[in-house]
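Close look at the chain arrangement
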Number of protein chains: 2
Amino acid sequence: MKDKLVIIGGVAAGLAAAMQARRRSPEIAITVLEKSQDISYGACGIPYVISRKIPSLENLIVHSPDYFRDKHNIEIKLNCEATEIFPAKSALHVNDNGAKGEIGYTNLVIATGAAAICPPIPGHDLEGVHVIRHLSHARKLLIDLEQNCPHRKAVIVGAGYIGLELAESFCARGFQVTIVESSNNVMRTIGGSLCDRVVDELKRNGVEIIFGERVAAFEGQNGRIERIVTKNNLVVEADIACVGVGVTANSDLAKRAGLEIGTSGAITTDAYQRTSVANIYAAGDCCEVINRVSGKRVWFPLGQPAVKQGWVAGANACGVGAQEKYVGLIGTNIVKVFDMEVARTGLGVEEARESGFDVDVIESENYSRAGYYPNGSKIFTRLVYDRRGKLLGAQMAGKEGVAQRIDVYASALHASLKLEDIENFDLAYAPPFAPTIDPIQRAVHEAIKKQGNGF
Amino acid sequence: MKDKLVIIGGVAAGLAAAMQARRRSPEIAITVLEKSQDISYGACGIPYVISRKIPSLENLIVHSPDYFRDKHNIEIKLNCEATEIFPAKSALHVNDNGAKGEIGYTNLVIATGAAAICPPIPGHDLEGVHVIRHLSHARKLLIDLEQNCPHRKAVIVGAGYIGLELAESFCARGFQVTIVESSNNVMRTIGGSLCDRVVDELKRNGVEIIFGERVAAFEGQNGRIERIVTKNNLVVEADIACVGVGVTANSDLAKRAGLEIGTSGAITTDAYQRTSVANIYAAGDCCEVINRVSGKRVWFPLGQPAVKQGWVAGANACGVGAQEKYVGLIGTNIVKVFDMEVARTGLGVEEARESGFDVDVIESENYSRAGYYPNGSKIFTRLVYDRRGKLLGAQMAGKEGVAQRIDVYASALHASLKLEDIENFDLAYAPPFAPTIDPIQRAVHEAIKKQGNGF
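We now turn to the structure provided with this report. (Residues numbered from 1 in each chain as written. Chains lettered and ligands numbered in written order. Predicted model: local features only at pLDDT ≥ 70, side-chain atom pairs only at ≥ 80, totals over all residues. Heavy atoms only, no water.)

1. A closer look at the overall build of chain A
In terms of regular secondary structure, chain A is built from twelve helices and 25 strands. Considering only C-alpha atoms, chain A reaches an extent of 70 × 60 × 40 Å along its principal axes. By residue count, 58% of the 455 residues in chain A fall in the buried class. Across chain A, the fraction of contacts at a sequence separation of at least 24, relative to all contacts at a separation of at least 6, is 61%. Each charge class in chain A can be summarised by its mean position, and for the 50 positive and 52 negative side chains these summaries are 2 Å apart. (Helix = DSSP H or I, 4+ residues; strand = E, 2+ residues; numbered from the N terminus. Buried < 20%, exposed > 50% of the residue type's maximum accessible area, 1.4 Å probe, protein only. Contact = heavy atoms within 4.5 Å. Lys, Arg positive; Asp, Glu negative; His and termini not counted. Charge placed at Lys NZ, Arg CZ, Asp CG, Glu CD.)

Here is the structure:
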């Protein structure tokens, strides 16, 4: 009898696993269970459909179920939710379009992803209160926008990167946008003066930000939101609200099946993407992996690592046994905030301290182009490093030239390089693209100088 | 008596050496001899002054001689040419503003740079025939352009990166531009279909290119150029001509002093930037250094490595002895050709073969952004690697996102990484900046797949 690989989840990690398993094994049966009606789409593009930069949600769909079925002999079951896993008998209970059933597997990959958190605040079920994570959420929001939103005041709850992307999207649609954030700053993934730059950019674009306020209630009449009330009784008018306060790993199914769950609440995996049960793998936003810089187990839900973990899980779950290793996560991330590129890689200061490093940090401002070349702008860099000269992390913000510069730091982190190595990189120089000594190296130089062992 | 450091040459490498020596030693006497009237300028910006993107040559000047004298106690002698070096007595003959003299030194740094080649073709001394390397050349060209050029046909001799930058500059000034190139392609630093992309970009901008033609004569009346005649008797009208056929190391002075000269014609240096004479160092475009990828001695005249070599030479020549090492050149370079970014790093195919590697090469086309995100464009990548999976070089061309992507490859080359390592990098992804799997990694993946040991 043929091996049967079952994959729960049909977006980034799940489909990467399915495709990789098929490349490795033309023979095995592969089935992907997707509880929604959508597979294979770029969820990261949703803010740009809301802003109308991308015409339709359809543009975000990469491949249809037929593509996987016809071209790769991968069975796709839509509206099919795995309700229980029974590791002892290698079987699942499913709710397949309303019909209950059981599916057996030789190997299983859990790629259930993460869910947007919507705190059970009074009024969160009012019409016009949205969370945005999946295509189905976006569909609902777009219909609401087209049918019900003439007044044009939008409130975004949360100033993380999803919140900021949504703020930009609503501005692009002509809304007056207010962000309500419970902490005193934007974007926990960066720090220091970089946060101020992001706040400046939001304000420059007319976004109002209220810090240090928690939402106590969504209020409205006739079942539709009209205002947000905070715990300090601040009232913010809202024709529409989006909650972007974070995501949580979809690990309940794994937990109920007795799989080991990490302190973050996500599924524990080893370097082969194996869970605590031999023939069950996990990949993507539902699981923890090793951070390559700290060596610690972390949960860092992002699309690109999800795809890579999916490849590893698929290669190992296709019947030949666990052979491929995931090399570990660096934690690289970029977000567009209006005209600003905001990026990070590696460890933040707190994370580095908690990981036991003797941490120092510097901030550096440098021009993106030769000083005399027009239209350059400042790049703000924040470097996290240990006092023995090893780079631990980098954060950058600027109007241009951030996106791939963060990748140079990410490469250095992958190779465990020291600040001195980076200072010695031979980087591309021409006046339209960089100053003679690149901002990457100027920042590193400042860190070395601060340590007193300057070049 | 105080140590005396003398530096010949006051642009990139020379001033980097002077500043680094001063940082290391507040005490020693430092003198910089510059044979022209200009120091401390960004020669790479000249094409953009010609195109009027930068208003004036003055904008290219970083610091005045007074800055070095007053702030750093570095003596700057303008119009002072070193005419002979006498290593045995540690002294120089100089022509100082027409007056002959002798200057002694404790340590000497030769940073004489490179000169633009102007072949002694009949008519090369006609008015309107230019070479562009130094600020003085640019001054002469700008005066010529303002006073004598109403007809507006420009011929550029040579399709290397200087020639292409100048072609763009003259187009920006409204000239009808023809490039005459003796070989059959543009830019020897890249290869394969990337050259075709560059040619397409030139043609799209109205530049005519004539390949396989050598200039036999510049011809004209009343002492001014009117046409170029090639060896095959092709005649090209020209109101003005610029020769950009390459540069040659200014190593004659060193050669006459008996210093070892490499096969390239540039001064031989060791990892400490020492020449064959103990207290004489060399840095920048006048010398050979070790290529970090091939381990071979190479001459690769470019601004950023020149500055770094200058730092090393200055640190070692300040009296404490040779302590700092130059880590070796990777050979990274970028040029803007109209709306295209064209870059390279590491070894080209020929260079890699000559260095004894078992070379293979792939080409890869990938999108700069998520497929659904507007205004993305194709990035063309050419990877050079050895069949055991080590990256040897990369070349890229595209309308956006090339400048710092080449730096990721340069970083990988610095760390001697394998293709597999690069495929495992954790790079920044967001739809406006990159597809989920970056072009960097897609290209690497194709190389790995070709080798049959795909992930």
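2. With respect to the interface of chain B and chain A
In this assembly, 61 residues from chain B lie in contact with 61 residues from chain A. Across the chain B to chain A interface the summed buried area is about 5,300 Å²; carbon plus sulfur atoms make up 65%. Counting across the interface, chain B meets chain A through zero salt bridges. Counting every contact that joins chain B to chain A gives 20 residue pairs in polar contact (both at pLDDT 80 or more). Residue assignment for the side of chain B that touches chain A shows that the elements contributing at least two residues are helix H1 (12–24), helix H8 (303–316), strand E21 (333–337), helix H10 (403–414) and helix H11 (419–423) of chain B. Across the side of chain B that touches chain A, the residue classes break down as 32 nonpolar, 17 polar and twelve charged. (Buried area = accessible area lost by both parts, 1.4 Å probe. Salt bridge = Lys/Arg side-chain N within 4 Å of Asp/Glu carboxyl O. Polar contact = N/O pair within 3.5 Å; in protein donor to acceptor, adjacent residues only side chain to side chain. Nonpolar A, V, L, I, M, F, W, Y, C, P; charged D, E, K, R; others polar.)

3. Description of the sheet that holds strand E4 (residues 80–86) of chain B
Residues and elements named next belong to chain B. Pairing is antiparallel in the open sheet, where three strands are placed in the order E4-E5-E6. On the outer flanks of this sheet lie E4 and strand E6 (99–104), each paired with one strand and no other. Adjacent strand axes in the sheet meet at a mean angle of 25 degrees, parallel and antiparallel pairs treated alike. Summarising the sheet, E4 and strand E5 (residues 91–96) pair through six bridges and their orientation is antiparallel. Bridging from a neighbouring strand, Glu84 pairs with His93 of E5. (Pairing = 2+ DSSP bridges. Axes fitted to C-alpha atoms, helices over the stretch in contact; angles between N-to-C directions.)

4. What about the pattern of salt bridges?
Note on pairing: side chains with opposite charge can pair once their charged atoms come close. Under the criterion given, the structure shown has 58 salt bridges over all chains. As a salt-bridge pair, Arg139(B) and Asp38(B) come within 2.5 Å of each other at their nearest N and O atoms. Taken together, the residues Arg139(B) in helix H4 (residues 135–148) and Asp38(B) in the loop between strand E2 (29–33) and helix H2 (46–50) connect sequence positions 101 residues apart. Within the structure, one salt-bridge network assembled from shared partners comprises Glu201(A), Arg204(A), Asp339(A) and Lys399(A).

5. Section: the sheet that holds strand E23 (residues 359–367) of chain A
Residues and elements named next belong to chain A. The strand order across the open sheet formed by five strands is E21-E22-E25-E24-E23, and the pairing between neighbours is antiparallel. With partners counted over all chains shown, the strands left at the sheet margins are strand E21 (333–337) and E23, one partner each. On average, adjacent strands in this sheet sit at an angle of 15 degrees to one another, irrespective of strand direction. Taken together, the seven bridges between strand E24 (residues 378–386) and strand E25 (residues 391–398) define a ladder with antiparallel strand orientation. Within E25, the position partnered with Tyr385 by the bridge is Leu391.

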